[in-house]
Amino acid sequence: MAVALLACASFLAQAQTQPPVDDGAAAGDPPSRVARLSYRAGDVGLLPAGEKDWGDASLNRPLTTGDRLSTGNGARAELELGDGTLRMADDSDAGFLTLNDQLTQVELTQGTLNLSVRNLADGQSYEIDTPTLALVVDQPGTYRVDISEDGKSTRITDFDGRATIYGEGGAQRLVTGGRSYEVADASLNEVTISDISGGDDFDAWCSSRDQRYAQTASSQYVSPDVVGAQDLDQYGNWEPDTDYGQVWYPAAVGVDWAPYRTGHWAYVGPWGWSWVDDAPWGFAPYHYGRWAHIRGRWGWVPGPIGVRPVYAPALVAFVGGPGFSVSIGSGPIGWFPLGPGEIYNPWYRVSRGYYTNVNISNIYLRHDRAEMIRAIDDHYRYFHDGRAMPNERFANRDVPRAFTAMAGHDFVAARDAQRHMVAVDPHRFASAPVAPRGIDIRPQQASFAPPRPANLRNLPAGGFQREVVARSVPAAPFANRAAGVASAPRASFQGPTNVRMLNATGPSGRPGNAARAMPSPTGERAASAPGVQSPVRGNESAAMRPGELPSARFARPQPVIERAAPAERPATDNQPRPGVSYIPNAAEDRAARMRSQPPSSQNTLPSTPRFERAPSGAQEPRYAQPPQRVVPQQPQGQGYQGPQRGYEPPRNGYEPPRGGYQPPRANPPPNGGQREPQGHEEHHPAPPPRREEQQHP
């Protein structure tokens, strides 16, 4: 078998024919961050960017711009992003319109989404786009977004923190902790405000999951931007090493276990072939840092804690090269994990700066940083020319059981590597060259996502149908960009068909038209610069019809309704300034409006949504404390016992947030026929609107 395997490895030589790397600006580089599907229970469908057929969402699958998820009845999903977490309740549809280093923009077309933001770097923000409004979060906090079943209204529950909601015609409003805001029309003319009271099992589950981020040992050794690091404490332990500093060792793995073996390969743009591990802890150690074989054990060595890490699809070396012959698709593919200090060669197009950053941020610096930079520069010259570094040695290449190989047709079909591993003598590959640019094998349909079981619900081909409104122009999905290029000019981007831009000047308000009408000088999104918002375009009025009532799942509290007076309603002539391809951020918007007002009125609105204080001596409106969430006990892990589909929680206490959900309630008017509070419900006097919650024209 080993001889046949050697005779069949030539298709790896295709790597030599890949396009040269990009020495220019970093515009073509992939983003340094991704989302991770860190939890799934029940029916969770995945529609990869650019695809029309839904697949099954795999645990630990990396997600990026253009990817969409749909949860079925009784299902849940959790997405980690390093500095924040998104959680989906059952019967919910959500997708990434933009996911890059500055902006996480999510569409929520139906259902419920929880957003927990722990930290934000300068210029970073989150945007949740719904059929009624766009929620923009630029500081830490916890928020819940519910869409009514008919899609006509949206409720924002702000557990803590502050954010801004944006609507039609330039309307915007602050939301503050301890209150919920139900918006019945896209112009924000009718908003029901109530104190938070009560909650449901989805809230309790979200709160219990958040506890994993508090006081973890891994946070002492791993950068907070390393996605998946919070799982390491439960499934392994840290030990000091004189050569590598703190090293993490997985628990309960077999003697024949090796990294990059219990999982499969998936094709995820713009990186291409990406490793998806089956272990519940199997994300951080496979996309950051390096693996070392220390005294008979495999240990993971994280990169420097003070450096923001750059995500990599798999930190491995592929074996193959010229001199072998086989037909493409049936030959084997082999790989082994890179060791500490070894240089990673991407198999996708990158700039020189990216090449340096993806290595320096994931290599433990035992020696001088300048020495490592010189080594990276030396490797880059050979990488750029498509040549292997001469006389290069790899620490893990000769380690017993480090090498894994599988047939090419199994590789592209996303089959489990351990089950379909080809038994070979690793010494036979001792003289086989390492492919300097990885592998270049065309993916198949199954490469993007495993097929869904036939007995599951049908999902709409091509994505979601319900329209959402957005403040930021969605990024071009990576699947629609040129091969090997992580970015493409905006002019070629048609945009998602279900997204309508707020404050549009064009006739359609679609992202593609907006981008073509006012391209940025570099062809990239204006929001990529810190503090600069993306261009926003047209919109169409979508007010709620008279007499329309939300569904039972989206039950209203007793209303404290604010309606904008005619003089206070937002103007409809909020046009972008000539020659400017973006709209300022919230603070700049407000400052510009205040400057245009007479001096006597400039003190009627706060100057910034973030630091507003009530006037001295003013009486604060009475409101209830945020609910004390029930935190169920999480089951203690027994270590990794082999391939899993993720932790399945006990379901006896879970009720889907529909008819049984008790929404935040305000005190009803003093009239007869009102029932007494029951269970955990609390009734409080209806809160008057806070000063900072007044609608901003």
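This one's a predicted model, so the numbers in the text were calculated from it and none came from an experiment.

Calculation rules
- Residues numbered from 1 in each chain as written.
- Predicted model: local features only at pLDDT ≥ 70, side-chain atom pairs only at ≥ 80, totals over all residues.
- Heavy atoms only, no water.
- Helix = DSSP H or I, 4+ residues; strand = E, 2+ residues; numbered from the N terminus.
- Buried < 20%, exposed > 50% of the residue type's maximum accessible area, 1.4 Å probe, protein only.
- Areas by Shrake-Rupley, 256 points an atom, 1.4 Å probe, with all protein chains shown as cover.
- Core = buried A, V, L, I, M, F, W, Y, C linked by side-chain atoms within 4.5 Å.
- Contact = heavy atoms within 4.5 Å.
- pLDDT = per-residue confidence, 0-100.
- Polar contact = N/O pair within 3.5 Å; in protein donor to acceptor, adjacent residues only side chain to side chain.
- Pairing = 2+ DSSP bridges.
- Salt bridge = Lys/Arg side-chain N within 4 Å of Asp/Glu carboxyl O.
- Axes fitted to C-alpha atoms, helices over the stretch in contact; angles between N-to-C directions.
- Parallel < 35°, antiparallel > 145°, perpendicular 65-115°, else oblique.
- Left-handed = near helix turned anticlockwise from the far one by under 90°.
- Nonpolar A, V, L, I, M, F, W, Y, C, P; charged D, E, K, R; others polar.
- Phe/Tyr/Trp six-rings, centres within 6.5 Å; stacked < 30°, edge-to-face > 60°.

A.B. asks: Would you explain the overall build of the protein chain in this entry?
C.D. replies: Tallying secondary structure elements over the protein chain gives ten helices and 30 strands in all. For the protein chain, with 697 residues in total, the buried portion stands at 57%. Counting only carbon and sulfur atoms, one obtains 50% of the accessible surface of the protein chain, whose full area is about 28,100 Å².

A.B. asks: In this structure, what is going on with the nonpolar core? I would like to understand it.
C.D. replies: Across soluble globular proteins, nonpolar side chains have a tendency to be buried as a group. One finds Y260, W265, W291, W300, F318, W335 and F411 to be the most contacted residues of the largest nonpolar core, which totals 68 residues. Ignoring sequence-local partners within four residues, the contact set of W265 consists of W273, S274, W275, A314, V316, F318, W335, F411 and A414. Grouped together as the second largest cluster of nonpolar side chains are 41 residues, L120, I128, I165 and A449 included.

A.B. asks: Just checking my understanding: could you explain the confidence of the model for the protein chain for this structure?
C.D. replies: Do not read the fine detail of predicted coordinates wherever pLDDT is low. Per-residue pLDDT for the protein chain averages 74, and the proportion of residues at 70 or more is 63%. Confidence drops under a pLDDT of 50 for residues 564-590, and excluding neighbours within four residues, the segment shows 54 contacts in the predicted structure. Note on residues 596-686: pLDDT under 50 across the span, and 173 contacts to partners over four residues away in sequence or across chains.

A.B. asks: Explain the side chain of T85 to me, please; I cannot follow it from the model alone.
C.D. replies: With respect to the helices and strands, the residue T85 is situated in strand 7 (residues 84-88). Within the structure, T85 has its side chain in polar contact with the side chain of R118 (distance 3.0 Å). If near-sequence neighbours (up to four positions away) are discounted, T85 is found in contact with E78, L79, E80, N114, L115, S116, R118 and Y213.

A.B. asks: I'm lost on the sheet that holds strand 3 (residues 55-56) in this one. Help?
C.D. replies: Consider a sheet: its strands pair through backbone hydrogen bonds, and that pairing is either parallel or antiparallel. Ordered in space as 3-2-5-8-9-11-12-15-16, the nine strands form an open sheet in which the pairing is mixed. Looking at strand neighbours, the two that pair on one side only are strand 3 and strand 16 (172-176), the edges of this open sheet. One ladder, built from five bridges, connects strand 9 (residues 103-110) with strand 11 (residues 125-129); its direction is parallel. Counted as the bridge partner of Q105 is E127 from strand 11.

A.B. asks: It is not clear to me how the environment of A402 should be interpreted in this structure. Could you clarify?
C.D. replies: Turning to its location among the elements, A402 is positioned in the loop between helix 6 (369-384) and strand 27 (404-407). Residue classification places A402 among the buried residues on the basis of a relative accessible area of 0%. Each C-alpha atom of the pair A402 and A258 lies 5.7 Å from the other, and the pair is 144 residues apart in sequence.

A.B. asks: Hey, could you run me through the pattern of salt bridges in this one?
C.D. replies: Working definition: two side chains of opposite charge can pair if their charged atoms are close together. This model, assessed by the stated rule, comprises 24 salt bridges. Between D83 and R33 there is a salt bridge whose closest N-O contact spans 3.4 Å. Of this pair, D83 sits in the loop between strand 6 (76-80) and strand 7 while R33 sits in the loop between helix 1 (2-7) and strand 1 (35-41), and the two are 50 residues apart along the sequence. For the pair shown, D83 and R33 are each scored as buried. Linking D378 and R381 is a salt bridge whose minimum nitrogen-to-oxygen distance equals 2.4 Å. One end of the pair is D378 and the other is R381, both in helix 6 and three residues apart, which spans about a single turn. A residue is classified by how much of its surface remains accessible, and R381, at 45% relative accessible area, is partly exposed. It is possible to trace a salt-bridge network through shared partners that takes in R144, D146, R155, D200 and D203.

A.B. asks: So what exactly am I meant to see when it comes to helix 2 (residues 201-210) here?
C.D. replies: Turn by turn, an α-helix covers 3.6 residues, leaving residues three or four places apart pointing in a common direction. Most of helix 2 sits inside the fold, with nine of its ten residues counted as buried. Every buried residue of helix 2 is accounted for by F202, D203, A204, W205, C206, S207, S208, R209 and D210. Where helix 2 is buried, its residues contact strand 1, strand 6, strand 7, strand 10 (112-117), strand 13 (141-147) and strand 14 (154-160).

A.B. asks: Whenever I open this one, the packing of helix 5 (residues 352-360) against helix 6 confuses me. Can you help?
C.D. replies: For any two helices packed against each other, the geometry is given by the interaxial angle and the distance between the axes. Axis separation between helix 5 and helix 6 bottoms out at 10 Å; the angle between their running directions is 130°. The angle between the axes of helix 5 and helix 6 places the two elements in the oblique class. Every pair of crossing elements has a handedness; the one defined by helix 5 and helix 6 is right-handed. Contact with helix 5, carried on its side by R352, Y355, T356, N359 and I360, involves R369, M372, I373, I376, D377, H379, Y380 and F383 of helix 6 and no other residues of that element. Residue classes in the contact of helix 5 with helix 6 are distributed as seven nonpolar, three polar and three charged.

A.B. asks: How should helix 5 be read in this particular structure?
C.D. replies: For helix 5, the set of buried residues is Y354, Y355, T356, V358, N359 and I360. Contacts made by the buried residues of helix 5 are with strand 23 (290-294) and helix 6.

A.B. asks: Hey, could you run me through the packing of aromatic side chains in this one?
C.D. replies: Aromatic ring pairs: the centre-centre distance and the angle between the two ring planes describe each pair. The tally for this structure, following the rule as stated, stands at 33 aromatic pairs. Taking the centre distance of 5.9 Å and the plane angle of 40° together, the rings of W54 and F464 count as tilted. Of this pair, W54 sits in the loop between strand 2 (44-47) and strand 3 while F464 is found in the loop between helix 8 (445-448) and strand 28 (468-470), placing the two residues 410 residues apart along the sequence. Both residues of the pair, W54 and F464, belong to the buried class. Each ring, one from W265 and one from W335, has its centre 5.4 Å from the other, and the planes form 80°; the classification is edge-to-face. One end of the pair, W265, is in strand 21 (residues 263-268); the other, W335, is in strand 26 (residues 332-337), with 70 residues separating them in the sequence.

A.B. asks: Looking at this structure, how should I read the sheet that holds strand 27?
C.D. replies: Here three strands make up an open sheet; going across it, the order is 25-26-27 and the pairing antiparallel. On the outer flanks of this sheet lie strand 25 (316-319) and strand 27, each paired with one strand and no other. On average, adjacent strands in this sheet sit at an angle of 25° to one another, irrespective of strand direction. Pairing between strand 26 and strand 27: four bridges, direction antiparallel. Residue pairing for strand 27: I333 is matched across the bridge by M406.

A.B. asks: Looking at this structure, I do not really get the pairing of strand 25. What am I missing?
C.D. replies: One face of the sheet, then the other: side chains in a regular strand alternate in exactly this way. Of the two faces of strand 25, the one carrying V316 and F318 and the one carrying A317 and V319 are both buried. Here strand 25 pairs with strand 26 via four bridges, running antiparallel. Its bridge partner being in strand 26, V316 is matched across the sheet by P337.

A.B. asks: Sorry, what's going on with unusual backbone geometry here?
C.D. replies: Working note: non-glycine residues mostly have negative phi, and peptide bonds are mostly trans. The omega torsion of the bond from G269 to P270 falls at 5°, within 30 degrees of zero and hence cis. Relative to the assigned elements, P270 resides in the loop between strand 21 and strand 22 (272-277). A positive phi angle, near 60°, is found at L188, a position not held by glycine. Tracing the sequence through the fold places L188 in the loop between strand 17 (179-183) and strand 18 (190-195).

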